[in-house]
Amino acid sequence: MKRILTATVLIIAVVALVLFGQPWMITIFSAVIACLAAYEYIQLSEAGGSPVPLWWMAASVTLFFLVVYKYPQETITAVSAGTLILFAWNAFTTPLSRVLGETAAGLFGLLYIAYPLTLIPRLWREEDGPALLLFLFLCVWAGDIAALYIGRRFGRHKLAPRLSPNKTWEGAIASVVASVAFGMALVGLGEYLSFHNSNFTRLHTSEPWWQSFLLAIVLNVAAQLGDLLESALKRGANIKDSGTLLPGHGGILDRIDALLLAAPVLWFVLALKEFYSMGIF
């Protein structure tokens, strides 16, 4: 019951923010989630033998979001500056044998957590941005729920036992089907609402249905891989859950692990479509 209640509250909050929020609201919300996930990440990295200073991670994530919001063309500069500061700190304060590992752990944390979440407000500002974001979230959420319950009930064949013993091929297939079904339902709803109410077009997308169909599959595969990759971090650190902040779900990082890979994949797909002049979603 805790799991269902927590998920319901989060879904309502995110959907309301995407449909009715402003860019600065979405940026602040994404930054807060990134800071909470980064805090859980530094606990993982410490358990794995490569601690990252809390002060540095908090400052770097905050700076990263500020730069991306105001000067997105300077993203690489912000990452480079933060990494060099951590490098210098480690060089003077930690055993020399740990300088490389701890600096690399900090840089990875920025790229793994902060960068994907800075894409959320940028995706929202794209043409058809709100519909695109909800499509992304729905593919991730529906796939995750289907994989959990179908895999638990019917799963027989292990998907990646070394990384996540409970995940099965049956659950993975159900996850893909659910992402496609709910993603296409959202596309259909957007078409229906925009046709019957010209003032409500936030769910409308401009591309053919088959592109949305393929996109749902790509995002689902990325999301499932993101889930497995976070499991690799946790198992390597001998930790079951990244945190306890969300009742019935574990930590923030446990809830956004799929999104951390799916969001950059979506951004990459949009970049490819723009490069080849294939239109938008």
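Let me sum up the structure you'll find in this document. All values derive from a computational prediction rather than experimental measurement.

### Notes on helix α10 (residues 259–275)
Moving on, step 1. The end-to-end C-alpha separation of α10 is 24 Å, in line with the 24 Å expected for 17 residues at 1.5 Å each.
Moving on, step 2. Along α10, the residues classified as buried are L259, L260, A262, A263, P264, L266, W267, V269, L270 and K273.
Moving on, step 3. For α10, the elements touching its buried residues are α5 (96–124), α6 (129–154), α8 (209–236) and α9 (252–256).
Moving on, step 4. One or two positions beyond α10, positive phi appears at S277, with a value near 55°.

### Details of the packing of aromatic side chains
Moving on, step 1. Per the stated rule, a full pass over the model turns up five aromatic pairs.
Moving on, step 2. Both rings, one in W55 and one in W89, keep their centres 5.0 Å apart while their planes meet at 70°; by these two values the pair is edge-to-face. In this pair, W55 is assigned in helix α3 (residues 54–70) and W89 in helix α4 (residues 75–93), connecting sequence segments 34 residues apart.
Moving on, step 3. Overall, the relative accessible area of 43% leaves W55 in the partly exposed class.
Moving on, step 4. Grouping aromatic residues by their ring pairs yields a cluster made of Y41, F108 and Y112.
Moving on, step 5. Stacked on the ring of F154, the Lys or Arg R153 has its end atom at 4.9 Å from the ring centre.

### Digging into the layout of surface pockets
Gaps left between atoms are located by rolling a probe of water-molecule size over the structure's atoms.
Moving on, step 1. In this structure, the second largest pocket spans a volume of roughly 240 Å³.
Moving on, step 2. Elements that contribute at least two residues to the lining of the second largest pocket include exactly α1 (2–20), α6 and α7 (169–196).
Moving on, step 3. Top contributing element to the lining of the second largest pocket by residue count: α6, with six residues.
Moving on, step 4. Its residues assigned to classes, the lining of the second largest pocket comprises 15 nonpolar, no polar and no charged.

### Considering empty space enclosed by the protein
Moving on, step 1. On inspection of all chains with the given rule, the structure shows three cavities of 30 Å³ or more.
Moving on, step 2. Computed from the structure, the largest cavity encloses a volume of approximately 40 Å³.
Moving on, step 3. As for the largest cavity, its lining consists of S60, L63, F64, A78, V79, G82 and L110.
Moving on, step 4. Elements with a contribution of two residues or more to the lining of the largest cavity: α3 and α4.
Moving on, step 5. Grouping the constituent residues of the lining of the largest cavity by class yields five nonpolar, two polar and no charged.

### So, unusual backbone geometry
Moving on, step 1. In this structure, D128 takes a positive phi of about 60° despite not being glycine.
Moving on, step 2. Inspection of the secondary structure assignment puts D128 in the loop between α5 and α6.
Moving on, step 3. A relative accessible area of 16% places D128 in the buried class.
Moving on, step 4. Positive phi values are uncommon outside glycine, yet N238 reaches one of about 60°.
Moving on, step 5. Along the polypeptide, N238 turns up in the loop between α8 and α9.

About the criteria used
- Residues numbered from 1 in each chain as written.
- Predicted model: local features only at pLDDT ≥ 70, side-chain atom pairs only at ≥ 80, totals over all residues.
- Heavy atoms only, no water.
- Helix = DSSP H or I, 4+ residues; strand = E, 2+ residues; numbered from the N terminus.
- Expected span 1.5 Å × (residues − 1).
- Buried < 20%, exposed > 50% of the residue type's maximum accessible area, 1.4 Å probe, protein only.
- Contact = heavy atoms within 4.5 Å.
- Phe/Tyr/Trp six-rings, centres within 6.5 Å; stacked < 30°, edge-to-face > 60°.
- Lys NZ or Arg CZ within 6 Å of the ring centre and 35° of its normal.
- 1 Å grid on protein atoms, 1.4 Å probe; cavity = no way out; pocket = protein on both sides within 12 Å on 5 of 7 lines; lining within 4 Å.
- Points joined across faces, edges and corners; volume = space filled by probe spheres on them.
- Nonpolar A, V, L, I, M, F, W, Y, C, P; charged D, E, K, R; others polar.

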